[in-house]
Amino acid sequence: MSGFRWEIIQEYAPLFAQGAWMTIKCTVICVILGSLWGLALGLGRSAQAPRNPGVDFCLQAFIQWPVRIYVSAFRGTPLFVQIMVVHFALIPLLINPRDGLLVSSGLMSVDFARMLRSDYGAFLSCVVAITLNSGAYISEIFRAGIQSIDRGQMEAARSLGMSYGKTMRKIILPQAFRRMLPPLGNNAISIVKDSSLASAIGLADLAYAARTVSGAYATYWEPYLTISVVYWVITFLLSLMVKHMETRLGRSD
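The sections below set out a description of the structure shown in this document. (Residues numbered from 1 in each chain as written. Predicted model: local features only at pLDDT ≥ 70, side-chain atom pairs only at ≥ 80, totals over all residues. Heavy atoms only, no water.)

Turning our eyes to something else, we now look at the environment of G19. Note on placement: G19 falls in helix α2 (residues 13-46). We classify G19 as buried; its relative accessible area is 1%. Here the alpha-carbon distance between G19 and L206, two residues 187 residues apart in the chain, equals 4.2 Å. Excluding anything up to four places from it in sequence, G19 contacts A204, D205 and L206. (Helix = DSSP H or I, 4+ residues; strand = E, 2+ residues; numbered from the N terminus. Buried < 20%, exposed > 50% of the residue type's maximum accessible area, 1.4 Å probe, protein only. Contact = heavy atoms within 4.5 Å.)

Our next topic: the packing of aromatic side chains. Under the defined criterion, the tally for this structure stands at five aromatic pairs. Ring geometry for Y12 versus Y217: centroids 6.1 Å apart, planes at 85°, classification edge-to-face. Of this pair, Y12 sits in the loop between α1 (6-11) and α2 while Y217 is found in helix α9 (residues 206-217), placing the two residues 205 residues apart along the sequence. A relative accessible area of 32% means that Y217 is categorised as partly exposed. With a centroid separation of 5.8 Å and 90° between ring planes, the pair formed by W37 and Y70 is classed as edge-to-face. Residue W37 is located in helix α2, and its partner Y70 is located in helix α3 (residues 53-75); the two are separated by 33 residues in the primary sequence. (Phe/Tyr/Trp six-rings, centres within 6.5 Å; stacked < 30°, edge-to-face > 60°.)

A few words now on the layout of surface pockets. Computed from the structure, the second largest pocket encloses a volume of approximately 550 Å³. Along the wall of the second largest pocket there are 25 residues; nearest its centre are V31, S35, L184, A188 and L238. Sorting the residues of the lining of the second largest pocket by element identifies α2, α6 (110-148), α8 (164-194) and α10 (221-249) as the ones contributing at least two each. Per-element tally for the lining of the second largest pocket: the top contributor is α8, with nine residues. Grouping the amino acids of the lining of the second largest pocket by side-chain chemistry returns 21 nonpolar, four polar and no charged. (1 Å grid on protein atoms, 1.4 Å probe; cavity = no way out; pocket = protein on both sides within 12 Å on 5 of 7 lines; lining within 4 Å. Points joined across faces, edges and corners; volume = space filled by probe spheres on them. Nonpolar A, V, L, I, M, F, W, Y, C, P; charged D, E, K, R; others polar.)

Written out as structure tokens, the structure reads:
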């Protein structure tokens, strides 16, 4: 450690701080959106109507199987490839100022699309790609959590006249959430680390800051050790938060 040049870190401290804030911001947004998307996919994967064969067939054909294909595709391909596809194919297809679908349909102005791509293009691509990817993993967490609750509770609630949605919201999901919290916390930690892949498309996060410093000084020890410590601190605090939530939710046991 005697050769560690602290002056490099001090000179680029604002850049590392901005990168840390960008990483945290991406993580929070992706965790929220990914959880909501994963919940929707998990409910779609669990949807069934055994007492109505016609409805049950439609649920399997138009909801369950598309969700299964989606989950298999996103879990079976690298996140780095998904980020590239989203950034260079999906986002231009939607918000290209010239012929993007949202622009040509009148849902977005040309000036707004140009501003969005130039100022927030990498950030938007990162959020979309990681949300779509994490949603696939979180959907399996929700599906397993829902299926872990005894089926008799659903039947009892429905026999009392509660709708399927109200039963899920009031009875099934609150119990399942306690069991899903540890894997959801692990997924959030994975999002923190996976966000570093977005530096390849120009997102000014921690990995981008380290690459900038290493390019300026032709050194790798200082910048990458620094961001490793920052990533560890973020994930450690996140794990403590999850542990605190587990403790609070477990008081009723």
